[in-house]
Amino acid sequence: MSTPTIPGPKQVMGLDSIQAVTTNPADYLLHLANTYGDIASFRMLTKRFVMVQGLDYVGEVLVKQASKFEKAKRDRDTMDSILGLGLVTSEGELHKRQRKLVQPAFRKKRIELYAEAMCRQVERLLEQWTDGQHVDMSEEMMQLTMYIVTDTLFRMDVSEEADRVGESIALLQDIVQQNLRAPIQVPRWIPTSNNRKAKEAGDYLNNLIRSMIARRREEEAQEGWVDHGDLMSTLLQAAEDGSTMSDQQVVDELQTLFVAGHETTSNALSWTWYLLSQHPEVEAKLHSEVDRVLQGRPVTVQDLVNLPYTTQVLKESMRLYPPAWTLNVRQAKEEVKLGEYVLPKGTLVFVSPYVVHRNPSVFPDPETFDPERFTPEQEAERHRHAYIPFGAGPRVCIGNSFAMMEAALIVARLAQTYRFVLDPKQVVEPLPQITMSPRYGLDMTIEKRQPVLEQTEEVAPAKQSSMQGCPFHTQAA
């Protein structure tokens, strides 16, 4: 009995069609899902791709049969120009070993230590803002999360380098995206304009992180080893323990977390402020919760368990605009059976959270912003792979709890103090590159608000461990 053919468009895409599709790949993948259902196949030139939306298929690719897939070589070769050979780009035994070494930095107790730095950087931003000020919220969130990641992962201040760091990361992301979409990749050693720019930006970030490591080792040589409570301490200690982690591997892991650790969170925050500005009823409910719980005082990590609606708002924002809108393309290392279909060895597979999160059978009226989708009752009834902003399985984002804690603290504190009103002339459109950001930025006006303190007794912070019971806490695999 022959196996059925995966549905999808019959024609092979030529260069013109590929260029049209790559202009907005998120919309194309969504079109495939809406037209063909849970699984669809399409061809670009000589390459065959499969896009899966069905939740059981998603689980097979990311979890149950994850060992039969690897990140596509083209994706890895392109991404390592910005991230080095860190957790995002490494494969096989190297990835398993490095994940085991990095994991202690993202355990519950360690993450709690980062909250103070997060809150400190939010207060620093609030000191710079004034009532009525016009800002690009996407740029403001990018800078804020960059300060947080350097504080929490390196215990250092890069404010003097902020502009160049931001420009370098933006440039690298743009060039990487161009390379991923190009029908034919130009080898990195050919001195094209883009290759020269990418090398200069990559070398700058690499040298910046090396200088941080050198400074830390100089301190240790003078004062002895001290655990600074940051990721750098964890990795440097692993290297000193003879774990075979080389200095270059330490640099690559730090660079991966430095770049990925602020780009994704800043985009999640930007989309949250945009959606709140368009839904005053949701914004009002959020304000009511933070006012009632915080009673005018700054937020702490212990408050998060009492701010469930804040977390619901963030989750719904990331449903509509997942920062990692598509996961790295998976390539079948061998023949793989998905349900009734057979994928030949070498098949390239897309799993797109942007598409999965818009499945109308799981999320009715999927384009509507509705945080009530993420009440505990609703989440308990949902398929475990229906919501995958951080991926799933052995390659689930190692910093998922870190990112959610950071975003919740930022949203609670900023929403407690200000409203953000979108400029009516601002065009808002997703830009699906490596991450999904607002294409033209987010021009907004900051409006001071006074918390409404309705009750006489302050809601006490939870006495339990700060992340215990928090609705977004998961232990990374």
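All values reported here derive from a predicted model rather than from experimental measurement.

(A) Summary view of the overall build of the protein chain. Tallying secondary structure elements over the protein chain gives 16 helices and 13 strands in all. For 477 residues, the compact-globule estimate of 2.2 N^0.38 gives 23 Å, and the C-alpha radius of gyration of the protein chain, at 22 Å, lies within 12% of that figure. Dimensions along the principal axes, computed over C-alpha positions, put the protein chain at roughly 70 × 55 × 45 Å. For the protein chain, buried positions account for 55% of its 477 residues.

(B) Layout of the packing of helix H7 (residues 137-154) against helix H11 (residues 247-278). H11 packs onto H7 with a crossing angle of 145 degrees between their chain directions and a minimal axis gap of 8 Å. As for the relative orientation of H7 and H11, their crossing is right-handed in sense. Counting all contacts with H7, which are made through Met-137, Ser-138, Met-141, Met-142, Thr-145, Met-146, Val-149, Thr-150, Leu-153 and Phe-154, the residues of H11 involved are Leu-254, Leu-257, Phe-258, Gly-261, His-262, Glu-263, Thr-265, Ser-266, Leu-269, Ser-270 and Trp-273. Here the residues of the contact of H7 with H11 sort into twelve nonpolar, eight polar and one charged.

(C) Quick look at the sheet that holds strand E10 (residues 418-422). Pairing is antiparallel across the open sheet formed by three strands, whose spatial order is E5-E13-E10. The open sheet terminates on both sides in strands that have one partner only, identified here as strand E5 (134-136) and E10. Pairwise comparison of adjacent strand axes, ignoring direction, gives a mean angle of 40 degrees for this sheet. Sitting on the sheet, H11 touches E10 and strand E13 (443-448), and the angle it makes with E10 is about 80 degrees.

(D) Examining the confidence of the model for the protein chain more closely. When pLDDT is averaged along the protein chain, the result is 86; 91% of the residues meet or exceed 70. Across residues 462-477, confidence stays below pLDDT 50; counting only partners more than four residues off in sequence or on other chains, it has 47 contacts.

(E) The pairing of strand E9 (residues 348-351), seen in detail. Here E9 shows no split at all, with Leu-348 and Phe-350 on one side and Val-349 and Val-351 on the other all buried. Relative to E9, strand E3 (residues 47-52) runs parallel, the two being bridged by four bridges. In the sheet register, Met-51 faces E9, and the bridge partner there is Phe-350. Note: strand E6 (residues 330-332) against E9, two bridges, orientation antiparallel. What sits directly across from Arg-330, in E9, is Val-349.

Rules and cut-offs
- Residues numbered from 1 in each chain as written.
- Predicted model: local features only at pLDDT ≥ 70, side-chain atom pairs only at ≥ 80, totals over all residues.
- Heavy atoms only, no water.
- Helix = DSSP H or I, 4+ residues; strand = E, 2+ residues; numbered from the N terminus.
- Rg over C-alpha atoms; globule rule 2.2 N^0.38 Å.
- Buried < 20%, exposed > 50% of the residue type's maximum accessible area, 1.4 Å probe, protein only.
- Axes fitted to C-alpha atoms, helices over the stretch in contact; angles between N-to-C directions.
- Left-handed = near helix turned anticlockwise from the far one by under 90°.
- Contact = heavy atoms within 4.5 Å.
- Nonpolar A, V, L, I, M, F, W, Y, C, P; charged D, E, K, R; others polar.
- Pairing = 2+ DSSP bridges.
- pLDDT = per-residue confidence, 0-100.

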